[in-house]
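Fold and contact review
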Amino acid sequence: IEWANHKTGADTVSFDADAFAEPQTITLSEGFYLWDDLTIQGTGKTKLSLSGDNSTQIFYSEANLTLRDIRIANGSAETGGAISMGFYNGASGTL
């Protein structure tokens, strides 16, 4: 995600279906700040989860963010919960 964020233009990050064939949760110790359009393609909402562990926001996005087939859980922030969008900059979110 960090690599895609540093590239110019919209990017897609896809998780490997074989590596995430069994349900797994990726627990983050800090969230991602996005400034470039990004699509994240998961492996299924029952197979892959990103968790903020009730201690961090998962995404703060100043750009367009699309999430497909992935579960976002347990985000925590003063504003935005798991995901906060910079709509004032024209960003949009698609779940």
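It should be noted that the structure appears before, not after, this text.
The structure contained in this document is the topic of the report that follows. (Residues numbered from 1 in each chain as written. Predicted model: local features only at pLDDT ≥ 70, side-chain atom pairs only at ≥ 80, totals over all residues. Heavy atoms only, no water.)

**Some points on the sheet that holds strand β2 (residues 24-27)**
The sheet built from three strands is open, its strands ordered β2-β5-β8 with parallel pairing. This sheet does not close on itself; its edge strands, each paired only once, are β2 and β8 (71-73). Each strand axis lies, on average, 25 degrees off the axis of its neighbour in the sheet, ignoring direction. (Pairing = 2+ DSSP bridges. Helix = DSSP H or I, 4+ residues; strand = E, 2+ residues; numbered from the N terminus. Axes fitted to C-alpha atoms, helices over the stretch in contact; angles between N-to-C directions.)

**Examining the environment of T12**
Structurally, the position occupied by T12 is in strand β1 (residues 11-14). Sequence-wise, T12 and S84 are 72 residues apart; in three dimensions their C-alpha atoms are separated by 19 Å.

**As for unusual backbone geometry**
One non-glycine residue, N54, adopts positive backbone phi at about 55 degrees. Mapped onto the elements, N54 comes out in the loop between β5 (48-51) and β6 (59-61). In this model, N74 sits at a positive phi of 60 degrees, which is unusual for a non-glycine residue. When you line up the elements, N74 lands in the loop between β8 and β9 (83-85).

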